[in-house]
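# Topology and contacts: notes
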Amino acid sequence: MRVALLTEGARPHPDRGAGAWCDRLAEGLPEHDFELYLLTGPAGLGSAARLSPAWQGAHDLALWGRRPRGRAPGTLRRRQYARAYEELVRALVLPGERAGFGAGLYRLAALAREDEGTLPAFLGSAHARRVLERTWRLPGADTSAGQPLVRDVLVAADLLEQCLRPLSAPWYGTGPGGLGGADLCHVVGGGPAALPALVARHLHGVPFVVTEHGLHLREQYLGFPPRADGGAGAESEERQARDECRSDDRRHRVRAPGGERASHEAPYRWPVRALLLSFFRALTEETYRQAAILTPGSAHDQQWQRRCGADPARTRVVYEGTPAVDRPAAGPEPERPTLVWAGALEPGRDTELVLHAFARVRAELPAARLVVHGQETAPGYLAHCAAVAERLGVAVAVDFAGRPGSLAEAWQSGTVVVFSALSQRSPRLLADAMLSGRAVVSTDVGVAREVVGPTGLLVPARDPRALAGACLALLRDEERRSRLGLAGRLRAQERFAVEPVIGAFREIYLELVSQYPAFPEGGGVGEGNRAPRPFARPAEYWLADGARGRDDRDSRDGRDDREASAGPADRADPADPEPGGGGAGAPDGGRGQLAVVPAAAEERPEPAGPAGPSVLAEAV
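Note that the structure is a prediction, hence the values are computed from the model and not measured.

## Some thoughts on the sheet that holds strand S2 (residues 33-40)
Overall, parallel pairing links the 6 strands, which are arranged S3-S2-S1-S4-S5-S6 in an open sheet. Every other strand in the sheet has two partners, leaving strand S3 (57-62) and strand S6 (293-296) as the edge strands with one partner each. For this sheet, the mean angle separating the axes of adjacent strands, direction not counted, is 20 degrees. Pairing of S2 with S3, which is carried by 6 bridges, proceeds in the parallel orientation. Bridged to Thr 40 within S3 is Ala 62. Against the sheet, helix H1 (residues 21-28) contacts strand S1 (2-8), S2, strand S4 (184-188) and strand S5 (208-212), and its axis sits at roughly 150 degrees relative to S4. Along the sheet, helix H7 (residues 194-204) contacts S1, S4 and S5; its crossing angle with S4, the most-contacted strand, is approximately 160 degrees.

Given below as structure tokens:
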């Protein structure tokens, strides 16, 4: 099948590492054709020659930076744009009109598709700013964050234009490179990357899957947006995990005008921030409502998605696979008992807690050491931690080692790995530490209980006495350390291996195409063509690639569509022993039988030939 993978960030470079999540997915499912649709910066994809061979094609759209050129709509058309834009803004600022977000969004998308290049020009025009200002100041509008000033209107209008820019992407046709011709869309990361999938779903009925390894909406609220390079790049897994220690390198998905600064770094007033959060909240709710399947990266994220309206019946946890499972375990322990801590040096990681706990540990074990790996992300926090260590009298035994050369080296330098964060949103760093074979002690927050389970020690957050007690228990018991370290490594290898992830999405893809209609000849719901027929292609179509190749199979598919439009008598073939065309004389070797047939066709006999009942049952 043809899968359109939509994400946001830096483009994939195969020469930059072992490959990131999206590359591994495309490489692990070679039976499908993956095309990359990337929301990126002004530089775009760059040279197509450097694109990974796993991708059949790549398309990019500059999400931030200078507004694309385009002609302004005429007077009559401008009024239609203004009405749709006003409906969308009213859904953002008026609590009683939240349900109008989807209608305004799809109306803007339809207008943008009819008039190529005019939507960005309208959203950047003075007329759009007047619509935003007038609607934002209506009686009853939510202004709890403060009354918007003129400068707030100007900044918010620019940011909304960038957020809505994917609606004007030239991707919504049914020809080559169009999302209307895709069998399904796979959104990785959520946020603005889901906009093209929503439009394709609305125009053509193309189902889409949403995978979030760290919820976009939650990151917006917390002020640490997802990495711009964590979506589709062939970034090495180790470099991705090191980003946990370098959150200052993360950049916002929505840039300030001109793309110079991230919105959580730019001096935006609270009214602008509240409007953006309202937009992302409405977009997330619409995405969760329209998605065929949601695949969060942890059960912790699944709970967050349910609070945002996700249907539990359409939610499946698929852990983020990592090739680090094949990495050898860490070597011998250091001679001195050593605690190792890794993470970004910021208050949320609570490095102070591990310092206070280490002071208690050193009182019991004077030879103990503490190695802190990480880069300062909050100005002055490193100096503050050094002052705390000095005040506690343990400065001589604490080594602020900075950013590690590799995470494997960081875990190798310790006897026990310690995590003291106030919130643990991503399982990546915990899983990487467990793969080293070192015993893990962590605060019981976020995904820690789900990832560590019974293979490590969990303690309450902000409790130095409990943390020190857990560290001392492991430092004094070598056999227990070894047992827990091995159990943790095996648990991480089982949950975060790449093969189960690939297998999970293989099943999800086949399930979706068996439940959603196919659209022969590009016919879609929104284009006035004949109604789509469920199960217009058999399950073998997505699995088998015979000697004739894909081109012959596509030509057969077109012939099947023409025959399907005729009556049963017109479809009868004298050479076929069965009316359904599933006998040995079928032109495709018996692959013409539908995987699931309507009630009227239930009396047809089982097809003979190489694609018999066992193949159908296995495919479905």
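## Topic: the pairing of strand S9 (residues 398-402)
Each regular strand displays side chains that alternate between the two surfaces of the sheet. Relative to S9, strand S8 (residues 369-373) runs parallel, the two being bridged by 4 bridges. Residue pairing in the sheet places Leu 370 in a bridge with Val 398 of S9.

## Focus on the pattern of salt bridges
Taken as a whole and assessed by the stated rule, the structure comprises 20 salt bridges. Here Arg 134 ties to Glu 86 by a salt bridge, and the two come within 3.8 Å at their closest N and O atoms. Of the two residues, Arg 134 sits in helix H5 (residues 126-136) while Glu 86 sits in helix H2 (residues 75-93), which places them 48 residues apart along the sequence. One salt bridge connects Arg 90 with Glu 97, and the closest N-O pair in it is separated by 2.6 Å. What you see here is one network of salt bridges that share partners, running through Arg 77, Glu 114 and Asp 115.

## What about the nonpolar core?
Judged by nonpolar contacts, the single largest core of 72 residues is most densely connected at Tyr 85 and Leu 132. The dominant element in this core, judged by the number of residues it contributes, is H2, at 9 residues. The contact partners of Leu 132, leaving out residues within four places of it in the chain, are Tyr 85, Val 89, Val 153, Ala 156, Ala 157, Leu 160 and Leu 275. In terms of nonpolar packing, the next biggest core, distinct from the first, is built from 35 residues, Leu 355, Leu 370, Val 388 and Leu 474 among them.

## Some words on the sheet that holds strand S7 (residues 338-342)
Pairing between the strands of a sheet comes from backbone hydrogen bonds, and it takes one of two forms, parallel or antiparallel. Ordered by their spatial adjacency, 6 strands build an open sheet running S9-S8-S7-S10-S11-S12, and the pairing between neighbours is parallel. Two strands lie at the open edges of the sheet, namely S9 and strand S12 (457-459), each paired on one side alone. Strand-to-strand, the axes of this sheet are offset by a mean angle of 20 degrees, without reference to chain direction. Bridging between strand S11 (residues 439-443) and S12 involves 3 bridges; their strand directions are parallel. Note on S12: the bridge partner recorded for Ser 442 is Leu 458. Across the sheet, helix H18 (residues 478-495) is in contact with strand S10 (416-419), S11 and S12; its angle to S11 comes to roughly 80 degrees.

## Here we look at the packing of aromatic side chains
Taken as a whole and judged by the stated rule, the model has 11 aromatic pairs. Measuring from centroid to centroid gives 5.5 Å for Trp 21 and Phe 505, while their planes differ by 80 degrees, and the two rings are edge-to-face. Here Trp 21, found in helix H1, pairs with Phe 505, found in helix H19 (residues 498-515); they are 484 residues apart in sequence, far enough to count as distant. A single burial state applies to Trp 21 and to Phe 505, both of which are buried. Note on Phe 505 and Tyr 509: the rings are 6.3 Å apart at their centroids and 55 degrees apart in plane angle, and the pair reads as tilted. You can see Phe 505 and its partner Tyr 509 sitting in helix H19, 4 residues apart, about one turn around the helix.

## Side note on a positive patch on the surface
A cluster of basic residues, Arg 78, Arg 79, Arg 83, Arg 107 and Arg 130, forms a positive patch on the protein surface. In terms of residue count, H2 provides more of the positive patch than any other element does, 3 residues in total. With respect to the helices, strands and loops of the structure, Arg 83 is situated in helix H2.

## A closer look at helix H6 (residues 150-163)
Here H6 spans 20 Å end to end across 14 residues, near enough to the 20 Å set by a 1.5 Å rise per residue. Residues Asp 152, Val 153, Ala 156, Ala 157, Leu 159, Leu 160, Glu 161, Gln 162 and Cys 163 constitute the buried set of H6.

Cut-offs applied
- Just so you know, the residues in each chain are numbered from 1, in the order the chain's sequence is written.
- Note on the predicted model: pLDDT of at least 70 is required for a residue's local features to be given, and 80 or more for side-chain atom pairs to be given and counted; whole-chain, interface and lining totals, by contrast, use all residues.
- Hydrogens and waters are ignored; side-chain quantities use all the structure's heavy atoms.
- Following DSSP output, two strands are said to pair if at least two bridges run between them.
- Helix and strand labels come from DSSP, where a helix needs a run of H or I of at least four residues and a strand needs a run of E of at least two; each type is numbered from the N terminus.
- Here the axes come from fitting lines to C-alpha atoms, over the contacting stretch only for helices, and the angles between their N-to-C directions go from 0 to 180 degrees.
- Contact definition: two residues touch when any of their heavy atoms are within 4.5 Å.
- The rule for a salt bridge is simple: a side-chain nitrogen of Lys or Arg has to be within 4 Å of a carboxyl oxygen of Asp or Glu.
- Only buried Ala, Val, Leu, Ile, Met, Phe, Trp, Tyr and Cys residues count toward a nonpolar core, and they belong to the same one when joined by side-chain atoms within 4.5 Å.
- We call a residue buried when its accessible area falls under 20% of the maximum for its residue type, exposed when it is over 50%, and partly exposed in between, using a 1.4 Å probe and counting protein chains only.
- Within 6.5 Å between ring centres, the rings of Phe, Tyr and Trp (the latter by its six-membered ring) count as paired, and their orientation is classed by plane angle as stacked under 30 degrees, edge-to-face over 60, tilted in between.
- Here, patches come from residues exposed beyond 30% relative accessible area and free of salt bridges, joined within 9 Å for like charges and within 5 Å for nonpolar side chains (Val, Leu, Ile, Met, Phe, Trp, Tyr).
- The Shrake-Rupley method, run with a 1.4 Å probe, gives the accessible areas here. Residue values count only the displayed protein chains as cover.
- When charges are tallied, Lys and Arg are placed among the positive residues and Asp and Glu among the negative ones, while His and the ends of the chain are skipped.
- We put the charge of a Lys on NZ, of an Arg on CZ, of an Asp on CG and of a Glu on CD.
- One fewer than the residue count of a helix, multiplied by 1.5 Å, yields its expected span.

Scope: geometric values only; no functional claims are made or implied.
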